[in-house]
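Overview (structure and organization)
Now for the letters of each chain:
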Amino acid sequence: QVQLVESGGGLVQPGGSLRLSCAASGSIFKIYAMGWYRQAPGKQRELVAAITSSGYTNYTDSVKGRFTISRDNAKNTVYLQMNSLKPEDTAVYYCNLVYYSGSTRWGQGTQVTVSS
């Protein structure tokens, strides 16, 4: 069974930066992609960014040019560098892992709050 441990959330002022990390341990073979979702109060969970094992990346339009997803395969860790943060980026951010089989796993979530 895989475990996803997230870190890096917190409170930041508008225009600031944060870096989220998600380390996978356990059943880490045959991972197709890892990524980040977020869920704001009263809204549905949405994909923020994802990266496949081959390095292909995908971003939701609202974060393009501000967020960067990267992956350290040796450490089984995925990162989300978030720059130029806006209040509307406030949400709980969840790490997500997808196996080639199609099954998925979720982290416990980390709160990101952008406020002055």
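Higher on the page you've got the structure.
From a predicted model like this one, the values you see are computed outputs, not experimental measurements.

1. Notes on the nonpolar core
- One finds Met-34, Trp-36, Leu-80, Met-82 and Tyr-93 to be the most contacted residues of the largest nonpolar core, which totals 29 residues.
- Elements that contribute at least two residues to this core include exactly β3 (18–25), β4 (31–39), β5 (46–52), β7 (67–72), β8 (77–82), β9 (91–99) and β11 (110–114).
- Of all the elements, β9 adds the most residues to this core, at five residues.
- Once residues lying within four places of it in the same chain are set aside, the contact partners of Met-34 are Leu-4, Cys-22, Ala-24, Ala-50, Ile-51, Ile-69, Arg-71, Val-78, Cys-95, Asn-96 and Leu-97.

2. Topic: the packing of aromatic side chains
- Inspection of the entire model under this criterion finds two aromatic pairs.
- Considering the side-chain rings of Tyr-32 and Tyr-100, the 5.4 Å spacing of their centres and the 65° angle between planes classify their relative orientation as edge-to-face. Residue Tyr-32 is found in strand β4, and its partner Tyr-100 is found in the loop between β9 and β10 (104–106); the two are separated by 68 residues along the sequence.
- Note on Tyr-32: relative accessible area 37%, which makes it partly exposed.

3. Re the pairing of β11
- Here β11 shows one buried face, formed by Thr-110, Val-112 and Val-114, and one open face, formed by Gln-111 and Thr-113.
- As paired elements, strand β2 (residues 10–12) and β11 share three bridges and run parallel to each other. Following the sheet pairing, Gly-10 is matched in β11 by Val-112.
- Where β9 and β11 come together, three bridges link them in antiparallel fashion. Of the residues in β11, the one forming a bridge with Ala-91 is Val-112.

4. Observations concerning the pattern of salt bridges
- Across all of its chains, the model carries four salt bridges by this definition.
- Note that Asp-61 and Lys-64 form a salt bridge whose closest N and O atoms lie 3.0 Å from each other.
- Classification of Asp-61 by relative accessible area gives exposed; the value is 60%.
- With a closest N to O distance of 2.8 Å, Asp-89 and Arg-66 form a salt bridge.

5. A word on the sheet that holds β3
- Read across the open sheet, the four strands follow the order β1-β3-β8-β7; overall the sheet is antiparallel. Bordering the open sheet on either side are β1 (3–7) and β7, each of which pairs with just one other strand. Strand-to-strand twist of the sheet, defined as the mean angle between neighbouring strand axes without regard to direction, takes the value 15°.
- As paired strands, β1 and β3 are joined by five bridges and run antiparallel to one another. Residue pairing across strands places Leu-4 opposite Ala-24, the latter belonging to β3.

What counts and how
- Once a new chain begins, its residue numbering starts again from 1 and follows that chain's sequence as written.
- Local features are withheld for residues below a pLDDT of 70 in this predicted model, meaning they are given only at 70 or higher, and side-chain atom pairs are given and counted only at 80 or more; totals for whole chains, interfaces and linings count all residues.
- Note that water and hydrogens are dropped before the side-chain values are worked out from all heavy atoms of the structure.
- We define a nonpolar core as any set of buried Ala, Val, Leu, Ile, Met, Phe, Trp, Tyr and Cys residues linked to one another through side-chain atoms lying within 4.5 Å.
- Under the scheme applied here, a residue whose accessible area is under 20% of the maximum for its type counts as buried, over 50% as exposed, and between as partly exposed, the area being computed with a 1.4 Å probe on protein chains only.
- Labels follow the DSSP assignment, with helices taken as runs of H or I lasting at least four residues and strands as runs of E lasting at least two, numbered in each case from the N terminus.
- Residue contacts are defined here by distance: any two heavy atoms, one from each residue, within 4.5 Å place the two residues in contact.
- Two rings belonging to Phe, Tyr or Trp (six-membered ring only in the last case) form a pair when the distance between their centres is within 6.5 Å. Interplanar angles under 30 degrees mark stacking, angles over 60 mark edge-to-face geometry, and anything in between is tilted.
- In this analysis, strands are considered paired if DSSP registers two or more bridges between them.
- The salt bridge criterion pairs a side-chain nitrogen of Lys or Arg with a carboxyl oxygen of Asp or Glu, the two atoms within 4 Å.
- Structural elements are reduced to axes, namely lines fitted to C-alpha atoms, with helices fitted over the stretch in contact, and the angle between N-to-C directions of any two is expressed from 0 to 180 degrees.

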